[in-house]
Amino acid sequence: GEKKSEPQPQKEEAKAPQVTSLKISYVKLPLNVPSIVEKKRNLFEEEFTKDGIQVTFPEITEGPKMTAALAAGSLDFCNALGGTSAILAAANGVDLKIIGMYSRAPKAFTIMAKDPKIKSVADLKGKKVAGPKGTILHQLLLASLQQNNLKTDEVEYINMPIPSAVSAMQAGNVDAALIAGPAVPQALESGARILTTGEGLLDATIVIAVSGDFLKNHPDLVKRYLQVHQASLQYMQEKPEEVYQLAAEETGISLAEVKQMVGWYDFNPAITDKDIVDLEKTQEFLLQNDMLTNKIDIKKLIADI
Amino acid sequence: MKQLKGMVIPLVILLFWIAGSATEMINQYIIPPPAKVLQTAIDLTASGVLLKHITISLYRVFAGFFLTVLFAFPLAVLVGMNQKLEPYIEPVLDFLGHIPPIACIPMLILWFGIGETSKLAVIILATFFPVFLNTLNGILSCSKQLLEVGEVFGFRARDKFWRIIMPAALPSIIVGFRLGLGYSWRSLIGAELIAAASGIGYMIIDAEQLSRPDIIIVGILTIGFFGYIIDYCFFKLSNRLLPWVGERVNYGRS
Amino acid sequence: MKQLKGMVIPLVILLFWIAGSATEMINQYIIPPPAKVLQTAIDLTASGVLLKHITISLYRVFAGFFLTVLFAFPLAVLVGMNQKLEPYIEPVLDFLGHIPPIACIPMLILWFGIGETSKLAVIILATFFPVFLNTLNGILSCSKQLLEVGEVFGFRARDKFWRIIMPAALPSIIVGFRLGLGYSWRSLIGAELIAAASGIGYMIIDAEQLSRPDIIIVGILTIGFFGYIIDYCFFKLSNRLLPWVGERVNYGRS
Amino acid sequence: MAGVKIEQLSKYYTIHNEQIKALAEIDLTIPDGSFVTLVGKSGCGKTTLLRLLCGLEQPSRGQITFLDQQQQVVQGKGRVSIVFQEPRLMPWLTVEQNMALPLFKEKDRRRVNQTVTHFLALLGLKKFRDAYPAQISGGMAQRVALGRTLCYDPDVILMDEPLGALDAFTRKNLQAELVDIFQTQKKTIVFVTHDVDEAVFLGQRVVILEGGKILEDVAVALSYPRNPLQQEFFQIREKILTVVMGEKPTKIGGYSQ
Amino acid sequence: MAGVKIEQLSKYYTIHNEQIKALAEIDLTIPDGSFVTLVGKSGCGKTTLLRLLCGLEQPSRGQITFLDQQQQVVQGKGRVSIVFQEPRLMPWLTVEQNMALPLFKEKDRRRVNQTVTHFLALLGLKKFRDAYPAQISGGMAQRVALGRTLCYDPDVILMDEPLGALDAFTRKNLQAELVDIFQTQKKTIVFVTHDVDEAVFLGQRVVILEGGKILEDVAVALSYPRNPLQQEFFQIREKILTVVMGEKPTKIGGYSQ
Ligand SMILES: Nc1ncnc2c1ncn2[C@@H]1O[C@H](COP(=O)(O)OP(=O)(O)OP(=O)(O)O)[C@@H](O)[C@H]1O
Ligand SMILES: Nc1ncnc2c1ncn2[C@@H]1O[C@H](COP(=O)(O)OP(=O)(O)OP(=O)(O)O)[C@@H](O)[C@H]1O
Ligand SMILES: [Mg+2]
Ligand SMILES: [Mg+2]
């Protein structure tokens, strides 16, 4: 957006400092079509520049860094923050509020294996599984083990980022990998198979969060933000072909794959009771695995706009 | 001729790569065949993406390196010339010298925001020590005999520094600068982890998330190539400007 | 006395930290108050977690650094003593010197698996160049006058190396080793990104993922502290073993 | 211009826990505009004395005062400089640049050039003005070092065997030049040499050091230019040699020079 | 043991694009077990000749052959070593360690110790065996350098002004010692000096260099130990001085030494 030099008349809340810029995190992966639409079609700029507010889209993709930036005041909106990251940050004292759901995409999160002998999650007993710790993928592994009546320590879990996990699986160092996003089709192509997805196990909730301070001082801006988000969803519905094309260009994923993958995502921003239950399940998972020590009330985390 | 000799080892590696890919000895999904990497390189170049990334990274490397020199060099001179300061500053620097800049990213964001400043801070943290320590060593190693010459001709500290210490310390300083430049490039990945939307480090991180090893390899080769070129120019330039450095082994007899 | 002087700056920083936290000038979430960090440090120490992490990291740093020296030092000697090799090897090393080891992790996993080998490889990649370049510079800077002395007393290359070049190059080599040690510590985060379940780098990564800045700070302080201690011992040891290095400024008159 | 007054000057060094008295309670007055030569055995403290005089070392005891022509104490050490025993040339500068080094503050580069060229010619180094120190012979390097200090043109010139590495021919020439510089420019010169002939040929006084003490201070009351074949010259020379060589000079090496 | 045959030896250097003929077609035979002294003006090529002889430089033209007592060519350069014009001591070794440096291969450390102690005493350095080079005087450093080569005990000893920085007393002593070493151990010695007295006192032949050429090769047919007060000694000395100083020696500096 362009910078406006003339002072803007202050419309509301004389006590709060005037907002001159909005920093909204931009996460395009695994396949965050609404964000892509918002950024590429300048939806936020259209909404806010008329008030002299400059909008920027820092690409902070890792949850912990996003919450750190939010706490540092370098970020106003976490547009697509993993449920786990939101809970961990909030529990550790970051003043953040969930103002909406970004997506639920159980199918986008998978456990994959290359060894043909491993046919199901049950075959993972005594095997090595690699993937990022404390994330939805980790949660998926534990949930699926439980579903298959395996104990947590009956597989050897190895913590590593997704790209390394893929590499380790390709090299035969681990038997299965926890994979999400564009790495999934890539791995499929190389002969790996999906053992299970999150479907039926968890919802893989991604949320939209804002700093508590910001929400208190500028509830109107938050409201307008959500309206823009709605508008981008609207646009997605109206012109799917154009949107898929846009997403394919932005992510480098082929159009066909985009079309295939987009079906896995539910972008409805409304926070349902089921979402809250899922977030609570996530907190439970973190607590059980010693990643969280103090429990918080999920409901208090959610701001009703 | 010298350039040709330098190509021997890369060519051997390339041959292994081609052979390994053809015989499928090398995993195609982690190290794609040369043809594919070449194609990607051509595409990225043609579309101007690579140029955009390398331009912004070049700017960051140069700015970061320049700022590092701006901090590290005078500090090394200060400590080297006033050895009373050393016990105050050395332990602190020594302590800092072991800390991974990546671990400090949240703090850097707190202090410097998520703009260019934090990125430059990461580069500076990664680059500071070779420049500092090598400059300091160069200064401290300066022959006392030659310094006494300055002394008896009424040189002030400044004159001694520019006319005796600097020329004597140059080989060390240049090593520090070369190492520093190298670490500037290396720190790009860490720096461009902070909310970057462009830069060669960003390109690599992004490609990693997109599972595009071909792009990663193009990125690595680009960094290596530009790094080498800059280092080469730097080396030639310093030899040109300071002809005696290249021939330092000939000093011996003086 | 000297140790006390070294505490001045850290104490000032601590005071700022305490004051900043008390007045809430410092963001409590990213930099928790000293009391909380201290409590966390005590907890981690009492539970033995910190000890476990630091032990394994110390092992990795030492092993990685030792291997680096094992590769870099002889290579520098080889290139320094046979300058015919230089045009073959230098460009390759120069190229590699700019590449971020983190970008190569997927490849390292492919070649070396996910065990200790890959982790050591990351450390070696991060540590190699200061050791190599400073050793090489030290060797090349050796006074030709003194080398000729060896020549006329029938020294073979080996004798010249051990009896003339090494002692003369030591200040440079020590700078390289100190820098190398520093970068070994710094590379822990990258190294322990590869399938680690322990190590101080892992502890930091983990704490970051779990949003535990207090643990991150304890980790950073631990690295800085141990790094400083080791560096200090290394420095003292080298001064003890090689008494003339500490006093090199006195050589001048000879 | 300045004279030097040395009172009870001592300098101790420690080598391997043993104390070395490099200079022991020296008293010496060098009036402004006088030419003093210092002789003595290797290790007797000549270089140490010069280093103390130009402030490169601090006395362990005693003091050095610089006096002007009116015998007033000069603050600081005035313009004292030294030709070191070793050439100590900057390896990265050519012969010409090395000689111009002390004149770096002089704005008028043409004058610097003139001065340097003058001394290059005087020292027989014109052909080698662009050579680097590694490319010249030992004697040439010594001449460059001498020329460098002459270019600096200090009030008190200390010289530590400046002609030691030179052949008889070049040495004779430069001795004559030094006498000329001394006479025309009224410098204070302290000159260390091992050559007793040279000491007598140049100095108004020859100070003989031994073990850090002044053994004898011999006045040479001859006018310049001196003739070594002269009777008085020969007598002074013999006297000094007897002192320097100890009681029985003729026994050593079979001849007494 | 070895003699040296030098044929048509030339060495050219380039300084700033100008060619310098440091040595021009030198022919010289130094028989096994002979003592040759080299004199000549500063820059005439003395050091260059020694550097070529001990293999530190390659000839531009001509060749150097080492011959044994039966006039057979010795492969390689045999055991030739040099005392450099500068001390070139290792700053990190003590005086004693510097002297022992060439003997590092010798297993019998007691013998090394004996040799070193012998030469330390001979050179008057016993008190300074534990001093570092930075702690000793210029003349002492030169003696250490001389001692180092004597410890190495080569067949052919090249010496580049080894006594240049020494006082008359020490110098006389060491000249006598050198003659003794030469006579008892039958070494081949090439000795550069600026002191014509020294050249005549030591050498069986005095070779005078000028501008890279041999100007004259004067035989000194006197038996050791020589007496400078002797008529023949004085004549040879005068002859050499006349050659070195050019046509009119008396005009320079006012006296002819
Ligand atoms: N490495 C070199 N490069 C260029 N020129 C050199 C080099 N070494 C010597 N020369 C030149 O060769 C000539 C002879 O030098 P050499 O050192 O042999 O003189 P010398 O007789 O030993 O003189 P001195 O008595 O002053 O030591 C000189 O003109 C010198 O400049
Ligand atoms: N830095 C030092 N540390 C210890 N001892 C020193 C130091 N400098 C000089 N000495 C000692 O002081 C004494 C006098 O040394 P000095 O250099 O003054 O002798 P000198 O008269 O110049 O001898 P030469 O004629 O050999 O140059 C010597 O015994 C020397 O070992
Ligand atoms: Mg002296
Ligand atoms: Mg010479």
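Residues numbered from 1 in each chain as written. Chains lettered and ligands numbered in written order. Predicted model: local features only at pLDDT ≥ 70, side-chain atom pairs only at ≥ 80, totals over all residues. Heavy atoms only, no water.

The name given to chain D in an unreviewed UniProt entry is Sulfonate transport system ATP-binding protein, with Desulforamulus aeronauticus DSM 10349 as the source organism.

Per an unreviewed UniProt entry, chain B is named Sulfonate transport system permease protein, and its organism is Desulforamulus aeronauticus DSM 10349. Taken verbatim from the UniProt record of chain B, the Sequence similarities (unreviewed entry) comment is "Belongs to the binding-protein-dependent transport system permease family." Among the UniProt annotations of chain B, the heading Subcellular location (unreviewed entry) holds the following wording: "Cell membrane". (UniProt positions renumbered as here; feature names shortened; annotations may be inferred.)

Draft legend 1. Representation of the coordination of the magnesium ion (ligand 4). All names here are of chain E. Protein ligation of the magnesium ion (ligand 4) involves Thr47 (OG1) and Gln85 (OE1), the donor distances falling in the range 1.9 to 2.3 Å. Residue Thr47 is found in helix H1 (residues 46-53), and its partner Gln85 is found in the loop between strand S6 (80-83) and helix H2 (95-100); the two are separated by 38 residues along the sequence. The exposure classification of Thr47 matches that of Gln85, with both residues buried. (Donors = N, O, S within 2.8 Å, 3.2 Å for Na, K, Ca; no water. Helix = DSSP H or I, 4+ residues; strand = E, 2+ residues; numbered from the N terminus. Buried < 20%, exposed > 50% of the residue type's maximum accessible area, 1.4 Å probe, protein only.)

Draft legend 2. View of the coordination of the magnesium ion (ligand 3). Each protein donor to the magnesium ion (ligand 3) is listed here as Thr47(D) (OG1) and Gln85(D) (OE1); together their distances run 1.9 to 2.2 Å. Thr47(D) gets classed as buried once you look at its relative accessible area, which sits at 15%.

Draft legend 3. Structural context of the pairing of strand S3 (residues 35-40) of chain E. Residue and element names in this part refer to chain E. Among the six residues in S3, six count as buried, and that is most of the element. Side chains Phe35, Thr37 and Val39 of S3 all project onto a buried face; the interleaved residues Val36, Leu38 and Gly40 project onto the opposite face, where all are buried too. In terms of strand pairing, S3 meets strand S8 (residues 188-192) through four bridges, oriented parallel. In the strand pairing of S8, Phe35 is matched with Ile189. (Pairing = 2+ DSSP bridges.)

Draft legend 4. Inspection of the UniProt feature "domain: ABC transmembrane type-1" (unreviewed entry) in chain B at higher detail. Per the UniProt entry, the sites bearing "domain: ABC transmembrane type-1" (unreviewed entry) are residues 54-234 of chain B in this numbering. In residues 54-234 of chain B, helix accounts for 81% and strand for 0%; the two terminal C-alpha atoms are 18 Å from one another.

Draft legend 5. How the structure looks around the relation of the copies chain C and chain B. Of the two same-sequence chains, chain C is brought onto chain B (RMSD 0.1 Å, axial shift 0.0 Å) by a rotation of 180°. These values place the two chain copies in the arrangement generated by a two-fold rotation axis. Both copies contact each other with a shared surface, as 100% of the interface residues of chain C are interface residues in chain B too. (Least-squares fit on C-alpha atoms with pLDDT ≥ 70 in both. Contact = heavy atoms within 4.5 Å.)

Draft legend 6. Layout of the sheet that holds strand S2 (residues 18-30) of chain E. Residues and elements named next belong to chain E. With antiparallel pairing, the four strands of this open sheet are ordered in space as S2-S1-S4-S5. Strands at the two margins of the open sheet, each flanked by one partner only, are S2 and strand S5 (73-74). Pairing of strand S1 (residues 3-15) with strand S4 (residues 61-67), which is carried by six bridges, proceeds in the antiparallel orientation. Looking at the pairing, Glu7 lines up with Gln63 of S4.

Draft legend 7. View of the packing of helix H1 (residues 33-40) of chain A against helix H9 (residues 219-238) of chain A. Residue and element names in this part refer to chain A. Remark: H1 packs on H9, axes separated minimally by 9 Å, with the N-to-C direction vectors making an angle of 100°. Overall, the two elements H1 and H9 adopt an arrangement that is roughly perpendicular. Residues Val33, Pro34, Val37 and Glu38 of H1 form the contact with H9, whose participating residues are His229, Ser232, Leu233, Tyr235 and Met236. Classifying every residue of the contact of H1 with H9 gives six nonpolar, two polar and one charged. (Axes fitted to C-alpha atoms, helices over the stretch in contact; angles between N-to-C directions. Parallel < 35°, antiparallel > 145°, perpendicular 65-115°, else oblique. Nonpolar A, V, L, I, M, F, W, Y, C, P; charged D, E, K, R; others polar.)

Draft legend 8. Summary view of the interface of chain A and chain C. Taken together, the contact pairs 24 residues of chain A with 19 residues of chain C. Between chain A and chain C lies a buried interface of about 1,900 Å² when both sides are counted; carbon and sulfur atoms form 59% of it. At the boundary of chain A with chain C, the tally comes to two salt bridges. Between Lys65(A) and Glu208(C) there is a salt bridge; the shortest N-O distance is 3.3 Å. Remark: the boundary between chain A and chain C carries seven residue pairs in polar contact (both at pLDDT 80 or more). Counting residues per element, the ones that place at least two in the side of chain A that touches chain C are helix H3 (63-71), helix H4 (83-91), strand S7 (156-159) and helix H6 (162-170) of chain A. Residues of the side of chain A that touches chain C, tallied by class, amount to 14 nonpolar, eight polar and two charged. (Buried area = accessible area lost by both parts, 1.4 Å probe. Salt bridge = Lys/Arg side-chain N within 4 Å of Asp/Glu carboxyl O. Polar contact = N/O pair within 3.5 Å; in protein donor to acceptor, adjacent residues only side chain to side chain.)

Draft legend 9. Examining the packing of aromatic side chains more closely. Applying the stated criterion across every chain yields a total of 33 aromatic pairs over all chains. Taken together, a centroid distance of 5.0 Å and an interplanar angle of 65° make the contact between Phe153(C) and Tyr152(E) edge-to-face. Taken together, the residues Phe153(C) in the loop between helix H7 (144-152) and helix H8 (157-186) and Tyr152(E) in helix H4 (residues 138-152) connect one chain to another. Assigned by exposure class, Phe153(C) and Tyr152(E) land together as buried. Both rings, one in Phe182(D) and one in Tyr224(D), keep their centres 6.0 Å apart while their planes meet at 75°; by these two values the pair is edge-to-face. Placement of Phe182(D) in helix H5 (residues 168-185) and of Tyr224(D) in the loop between strand S10 (213-219) and helix H7 (231-245) is noted, with a sequence separation of 42 residues between them. Of the two residues, Phe182(D) and Tyr224(D), neither departs from the other in class, the shared state being buried. Linked through ring pairs, Phe65(B), Phe73(B), Phe161(B), Trp162(B), Phe177(B) and Phe234(B) together constitute an aromatic cluster. When the ring centre of Phe84(D) is taken as reference, the NZ or CZ atom of Arg88(D) above it lies at 3.9 Å. Positioned above the aromatic ring of Phe169(D) is the side chain of Lys41(E), whose terminal nitrogen or guanidinium carbon lies 4.1 Å from the ring centre. (Phe/Tyr/Trp six-rings, centres within 6.5 Å; stacked < 30°, edge-to-face > 60°. Lys NZ or Arg CZ within 6 Å of the ring centre and 35° of its normal.)

Draft legend 10. Structural view of the packing of helix H3 (residues 49-81) of chain C against helix H10 (residues 200-209) of chain C. Residues and elements named next belong to chain C. Two numbers describe how H3 lies on H10: the axes approach to 7 Å, and their chain directions differ by 125°. Our classification of the angle between H3 and H10 gives oblique. Contacts from Leu50, His53, Ile54 and Ser57 of H3 reach H10 at Ile200, Gly201, Tyr202 and Met203. For the contact of H3 with H10, a count of residues per class yields five nonpolar, three polar and no charged.

Draft legend 11. Up close: the sheet that holds strand S4 (residues 61-67) of chain D. All names here are of chain D. Here four strands make up an open sheet; going across it, the order is S2-S1-S4-S5 and the pairing antiparallel. If you trace the sheet from one side to the other, it starts and ends with strand S2 (18-30) and strand S5 (73-74), each paired once. Contacts from helix H1 (residues 46-53) reach strand S1 (3-15), S2 and S4 within the one sheet, and its direction differs from that of S1 by about 120°.

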